[in-house]
Amino acid sequence: VLEREKVKEFPARPALENVARFQFFNRSEDKQSGVWIVRQGNLRFALPITTGTKPGISDYLAAPFGLSGFAAPVEVVYPSFVPFIELEDRNTYAASEGADLIEPAKDGQSLRVFWGKWGKIGTRSGERFENGLSSEVYWRIDGNKLIRTETLTANKDMRIKSWWVAIPSTADRSEIKISGNSRTDILQGREGTLSVTTEADWNYDTQIAASGDSKLSKGVLGAIPLHIVYSAKDIDLKKGKKISWQVIMDLSE
């Protein structure tokens, strides 16, 4: 084949052009879906807004698949980059199963997604539920940083009984830096260095967890040794008041 196509040599590492665009799968009034594709600088990822095999399954959540240092466990219900929220009805919800509205920027450098209906853990794939809470997520690129800001708004006074989210990593070493109310975890491993900084309008706990030989250690291309896990209890929301949390994934190093 190479002789027929007159290919005499090719580079060990292909020179690929920069890409930053959103491809819609569905733009119906009831539900939208698609994928954000980015390849520029140190940022290379595909971020899907889609429906998985079941609500909350980690390898179908809206996370940056392919981003160096980050990897979602396969075939496990787990809040990989996307928080799980338990409400007073004792149900746990995730911003999954497509979205109500997707607004990509024309230049491909940011993405805004709105959920008024949520995936509910333990229900059927594709089912979406209203729970009195809405989520607006804004992703943007800043150099070699991917920034995710989520704003929650309640349509009545309510309480989040439990909130938790994880950043699974291919790193096997970590370092912590604290600056004011901001914490940065510096993760180092086979894919280089990934710095993760978080801030929230509520108090939360942070834990570094080793996955060992559990289901959480199994990635598509290799092991996932470490997970940063953020969690909080009893977050009170007032009707119409907005609260936010932010995570910054930095591949500058």
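Anything mentioned here points back to the structure above.
Residues numbered from 1 in each chain as written. Predicted model: local features only at pLDDT ≥ 70, side-chain atom pairs only at ≥ 80, totals over all residues. Heavy atoms only, no water.

Remarks on the sheet that holds strand 8 (residues 119-120)
The 6 strands are arranged 8-5-4-11-16-15 in an open sheet whose pairing can be described as antiparallel. Every interior strand has two partners, whereas the edge strands, strand 8 and strand 15 (205-210), have only one. Where strand 4 (residues 84-87) meets strand 11 (residues 158-169), 4 bridges bridge the pair, whose relative direction is antiparallel. Following the sheet pairing, Glu 86 is matched in strand 11 by Ser 162. (Pairing = 2+ DSSP bridges. Helix = DSSP H or I, 4+ residues; strand = E, 2+ residues; numbered from the N terminus.)

Concerning the pattern of salt bridges
Scanning the entire structure with this criterion turns up 8 salt bridges. One salt bridge in this structure joins Glu 136 and Arg 112, with 3.7 Å as the shortest N-O distance. Note that Glu 136 is positioned in strand 9 (residues 133-142) and Arg 112 in strand 7 (residues 110-115), a separation of 24 residues in sequence. Look at Glu 136 and you get partly exposed, because its relative accessible area is 34%. Residues Arg 148 and Glu 150 are paired through a salt bridge, measuring 3.1 Å at the closest nitrogen-oxygen approach. (Salt bridge = Lys/Arg side-chain N within 4 Å of Asp/Glu carboxyl O. Buried < 20%, exposed > 50% of the residue type's maximum accessible area, 1.4 Å probe, protein only.)

What about the pairing of strand 6 (residues 101-104)?
As defined by bridge partners, strand 6 adjoins strand 7 across 4 bridges and the pair is classed as antiparallel. Note on strand 7: the bridge partner recorded for Ile 102 is Val 113. Taking the residues that link successive antiparallel strands as the turn, the strand 6-strand 7 hairpin has 5 residues, and the phi of Gly 108 there is positive, at about 75 degrees.

Scope: geometric values only; no functional claims are made or implied.
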